[in-house]
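Descriptive structure summary
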Amino acid sequence: MSYIGKSPTIGRYIELDDISSSFNGSNVTFNLTSGGTAVTPQTDANAIISISGVVQYTSAYTISGSQITFSSAPLSTDNFSGRVLGDSRDVGTPT
């Protein structure tokens, strides 16, 4: 099946590297990586982002390419957890 733009990721769920060591209360833009390799979610909604255990709504951040920009800078005491979800509407072809 053909797609305009980036084709859906099927069943690929990625745990993002911890970026909290870069939090300093003033920086708002950070690189998204997994195992040191840049990760580009399809949309903001394809990512589950948590700051200090609180899941963030997509209004709290934007993702452009492999960079995330928060609407307010995370504090140096905050920690980070993130996952990028594949296309949840399609599990692919069963084997």
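Structure: above.
Residues numbered from 1 in each chain as written. Predicted model: local features only at pLDDT ≥ 70, side-chain atom pairs only at ≥ 80, totals over all residues. Heavy atoms only, no water.

1. As for the packing of aromatic side chains
- Tallied over the full model, the rule gives four aromatic pairs.
- One aromatic cluster in this structure is built from F23, F30, F70 and F80. (Phe/Tyr/Trp six-rings, centres within 6.5 Å; stacked < 30°, edge-to-face > 60°.)

2. Examining the sheet that holds strand β7 (residues 61–64)
- Spatially, β2-β8-β7 is the arrangement adopted by the three strands of the open sheet, whose pairing is antiparallel. Each end of this open sheet is capped by a strand with a single partner; those strands are β2 (29–31) and β7. Each strand axis lies, on average, 25 degrees off the axis of its neighbour in the sheet, ignoring direction.
- Bridging between β7 and strand β8 (residues 67–70) involves four bridges; their strand directions are antiparallel. Looking at the pairing, Y61 lines up with F70 of β8. (Pairing = 2+ DSSP bridges. Helix = DSSP H or I, 4+ residues; strand = E, 2+ residues; numbered from the N terminus. Axes fitted to C-alpha atoms, helices over the stretch in contact; angles between N-to-C directions.)

3. Some thoughts on unusual backbone geometry
- Unlike most non-glycine residues, S52 shows phi in positive territory, near 50 degrees.
- Mapping S52 onto the fold places it in the loop between β5 (47–51) and β6 (54–55).

4. Considerations on the pairing of β5
- For β5, the tally of buried residues reaches four of five residues, placing the bulk of the element in the interior.
- Of the pairings in the sheet, the one linking β5 to strand β9 (residues 80–84) comprises five bridges and is antiparallel in character. Directly across from I48, in β9, lies its bridge partner R83.
- Across two bridges, β5 lies against β6 in antiparallel orientation. Among the inter-strand pairings, I51 is bridged to a residue of β6, identified as V54.
- As consecutive antiparallel partners, β5 and β6 are separated by two residues, and within that stretch S52 has a phi angle of approximately 50 degrees, a positive value. (Buried < 20%, exposed > 50% of the residue type's maximum accessible area, 1.4 Å probe, protein only.)

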